[in-house]
2 protein chains.
Amino acid sequence: MQKITIKDIARECNVSLSTVSLVLNNNPRISEATRAKVQESVRRHNYQPNNNARGLASRSSLAVSVVVPHLGHVFADVYFGEIISGIYDQAADDGYKVMLDIANEKFLSTKEYLGLLRSRKADGMLFIGANITDEFPMEFQESAYPFLLVNHFYPKTSLNYLAMDYRESAHKAVEHLVGLGHRHIGLVRGTNTHTGIEFAEAFEDYCIELGIDPQHLHTVDGGDDWDLESGYAATQQLMQKSKKITAIMAGNDRMAIGAISYLDKKGIQIPGDISVMGVDDIHSAAFSSPSLTTIWHDLYELGKQSFKRLLALYKKEITTCQERLPVTLIVRDSTGPVSVIE
Amino acid sequence: MQKITIKDIARECNVSLSTVSLVLNNNPRISEATRAKVQESVRRHNYQPNNNARGLASRSSLAVSVVVPHLGHVFADVYFGEIISGIYDQAADDGYKVMLDIANEKFLSTKEYLGLLRSRKADGMLFIGANITDEFPMEFQESAYPFLLVNHFYPKTSLNYLAMDYRESAHKAVEHLVGLGHRHIGLVRGTNTHTGIEFAEAFEDYCIELGIDPQHLHTVDGGDDWDLESGYAATQQLMQKSKKITAIMAGNDRMAIGAISYLDKKGIQIPGDISVMGVDDIHSAAFSSPSLTTIWHDLYELGKQSFKRLLALYKKEITTCQERLPVTLIVRDSTGPVSVIE
DNA sequence: GGTTTACATTAAAAGGCTTTACCATGCAGA
DNA sequence: TCTGCATGGTAAAGCCTTTTAATGTAAACC
């Protein structure tokens, strides 16, 4: 328990502190022989460099802050779990720790998001889950601190972000549905995120571009929850708007599953009568009945890449990041050709 | 951006470094006048002490590691969200940061749980969500590092824990149901946690103690998922086991809601024909139909208290912690007196 | 008036690592 | 033989606080 330090290792190996430090940091200047000797000693003593000393000397904390919104059910969403797992794994690979922060009242009012960086508790900050109304990220526009929005963006700002390509998602979805012959399409959209809006707009635009009569395009708001209930209720609305709809596109899988459950209850065949599509490809999408056709958003990879971008920003390898990650169409059983009887 | 340090503050205020430090740490030895002067300067410059320097000097990291299991859906559970929120808020109050760790393969195989503490990246560790098969906590039995299991325990070990009082939960539930006249009772239990087992055993024991015929007590395994589906399936089993059951106790609310959905589907009246109870009092318990009678486990408070205990262990204010938190019976509409016609 | 006490402040020693500039040494090329 | 240059290693400064023992000063005591 008496803490062992770099000094102890150095003494035992008959080398200087610097040498041990260089070995620890994989500096190639040290010969293989010395390196091996030091590493062996380190292993034998279970030596772990003191993180604070390291951070102090190297002027970095080797930690990033991951900020999640203060929703009661923030974690009640596979969404966050996947992204955080990705961030975590990549951070671990790069020797970084992940610090969790919740954007609650105190966090915002005390401007802790700045304090964290000022005090070097974190080298940078990732923000997952920006509602259209979130204000604090704006303060990072002029700031030199590394800050990155994960799967969100604010139009007309210089804020860094890495997000899924919602525009491409919309295109792939439209292509798939229109390709199956659907001409009367319902869209269930979320309205509280810029990505959601982007998706809905792109979806509508591309439908029209492919020749769908705007009159045959029916959009309803799924609300802010992106939940089964939202999808259920929105589908009910859609059904009242038009009897001719043969395909329903939901802004995420959970709303899509909610849509399925409504249609199922009403005895409507999927995809015989109506096709249903989602976005994300959450685990349960493959297990709904029928299994859900969706646009796969690789959120785990998004997490990993987000961390990488943040680290690159921190190291000044890049100075800006406003990127999109590709998406994949996953065809399952919830979509099919429109039935011949028009 | 040119980092400002304690030295700058000291110079500007014409005091020594020590004075500034003492002010920062609310040491009462400093006069009001000096204190005010320093604080003003600190505020004006947005000065935040360097966390690494602070940690190095004070031999602590001011961070704790919160370890969650590596389940795909770890966060897909209000359970974790509530506890983590509690931990986070209390930690923030005490000036601590929360570091997130995931007990994945790498974390376990590289024994990072020890490395974190050795390297002083964290002052202590909280582990949420111990499956009966988790092995790594055992290594903390002889270790001097502060370690606390949150809402779990391992029988016959000296591992520190803070958990809800599942025994009391069982007692309150039994009292409630038996008090309503129920004599044929079904129990849906989870089998992969020691707390779940404890609850089930206590429930059965106390039923018998209150005079229930063991023959009239029917227990089925809800499996490891503690999910709606588990509750649904388990209830189906129960119904096959005995036609006389008038009350069903589920190990958690989600299984209880699953039970309700099964009974509902079968046209069985709740609580007219059968009463249903859960444990936890998750948000949706109040909104199920009928609203769910349950034992409230204040998980947010559990999170807060867990952090407090860990900090106390770290500061050696206590040397051990094997405590329970009280629970509360919440009577709603899913339970009622057994119907008179026997 | 001299001595305690109490209070407010400070100097200086850690704390454990990274990093830069510099020092040997050995060897190839001239 | 001498110069030049890798190569491998080291000394020492620096990172920014906390903390302890010491100092100075003013008020309180006998």
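Overview of the structure. (Residues numbered from 1 in each chain as written. Chains lettered and ligands numbered in written order. Predicted model: local features only at pLDDT ≥ 70, side-chain atom pairs only at ≥ 80, totals over all residues. Heavy atoms only, no water.)

## Thoughts on the interface of chain A and chain B
So, step 1. Facing 46 residues of chain A, the contacting portion of chain B comprises 46 residues.
So, step 2. Both sides together, the interface formed by chain A and chain B hides about 4100 Å², and carbon and sulfur atoms give 59% of it.
So, step 3. Scanning the region where chain A abuts chain B turns up six salt bridges.
So, step 4. Note that A:Lys97 and B:Glu112 form a salt bridge whose closest N and O atoms lie 3.4 Å from each other.
So, step 5. Applying the counting criterion to the chain A and chain B interface returns 15 residue pairs in polar contact (both at pLDDT 80 or more).
So, step 6. Broken down by secondary-structure element, the contributors of at least two residues to the side of chain A that touches chain B are helix H4 (51–58), helix H5 (78–93), strand S2 (97–103), helix H6 (105–109) and helix H7 (112–118) of chain A.
So, step 7. Of the residues forming the side of chain A that touches chain B, the biggest block, nine residues, is contributed by H5(A).
So, step 8. Its residues assigned to classes, the side of chain A that touches chain B shows 18 nonpolar, 16 polar and twelve charged.
So, step 9. Judged from the two bridges that link them, S2(A) and strand S2 (residues 97–103) of chain B form a sheet pairing that is antiparallel. Following the sheet pairing, A:Leu100 is matched in S2(B) by B:Val98. (Contact = heavy atoms within 4.5 Å. Buried area = accessible area lost by both parts, 1.4 Å probe. Salt bridge = Lys/Arg side-chain N within 4 Å of Asp/Glu carboxyl O. Polar contact = N/O pair within 3.5 Å; in protein donor to acceptor, adjacent residues only side chain to side chain. Helix = DSSP H or I, 4+ residues; strand = E, 2+ residues; numbered from the N terminus. Nonpolar A, V, L, I, M, F, W, Y, C, P; charged D, E, K, R; others polar. Pairing = 2+ DSSP bridges.)

## A word on the side chain of B:Ser60
So, step 1. Along the chain, B:Ser60 falls in the loop between helix H4 (51–58) and strand S1 (63–69).
So, step 2. Leaving out residues up to four positions away in the same chain, B:Ser60 has contacts with A:Asn52, B:Gly55, B:Asp123 and B:Tyr314.

## A word on the relation of the copies chain A and chain B
So, step 1. In screw terms, the move from chain A to chain B is a rotation of 180 degrees and a rise of 0.2 Å along the axis, fitting with an RMSD of 0.2 Å. Such a combination of turn and shift is consistent with a two-fold rotation axis.
So, step 2. Most of the interface of chain A is mirrored in chain B: 100% of its interface residues are interface residues there too. (Least-squares fit on C-alpha atoms with pLDDT ≥ 70 in both.)

## Some points on the protein's contact with DNA strand D
So, step 1. Near DNA strand D, the surroundings consist of 27 residues, among which A:Thr19, A:Thr34, B:Ile6, B:Ser21 and B:Tyr47 are the closest.
So, step 2. Within 4 Å of the protein, the atoms of DNA strand D are drawn from sugar and phosphate moieties in a proportion of 65%.
So, step 3. Contacts to DNA strand D include A:Thr19, whose side-chain N or O atom sits 2.3 Å from a phosphate oxygen.
So, step 4. Looking at the surface near DNA strand D, the elements that each hand over two or more residues are helix H2 (17–24) and H4 of chain A together with helix H2 (17–24) and H4 of chain B.
So, step 5. Counting residues per element, the surface near DNA strand D draws most heavily on H4(B), which supplies four residues. (Near = heavy atom within 4 Å.)

## Quick word on the protein's contact with DNA strand C
So, step 1. The environment of DNA strand C is made up of 30 residues, and the closest members are A:Ile6, A:Ser21, A:Tyr47, B:Thr19 and B:Thr34.
So, step 2. Here DNA strand C approaches the protein such that, of its atoms within 4 Å, sugar and phosphate make up 64%.
So, step 3. Between a phosphate oxygen of DNA strand C and a main-chain N or O atom of A:Ile6, the distance comes to 2.5 Å.
So, step 4. One of the backbone nitrogen or oxygen atoms of B:Ala53 is found 3.5 Å away from a base nitrogen of DNA strand C.
So, step 5. Every element with two or more residues in the surface near DNA strand C is listed here: H2 and H4 of chain A together with H2 and H4 of chain B.

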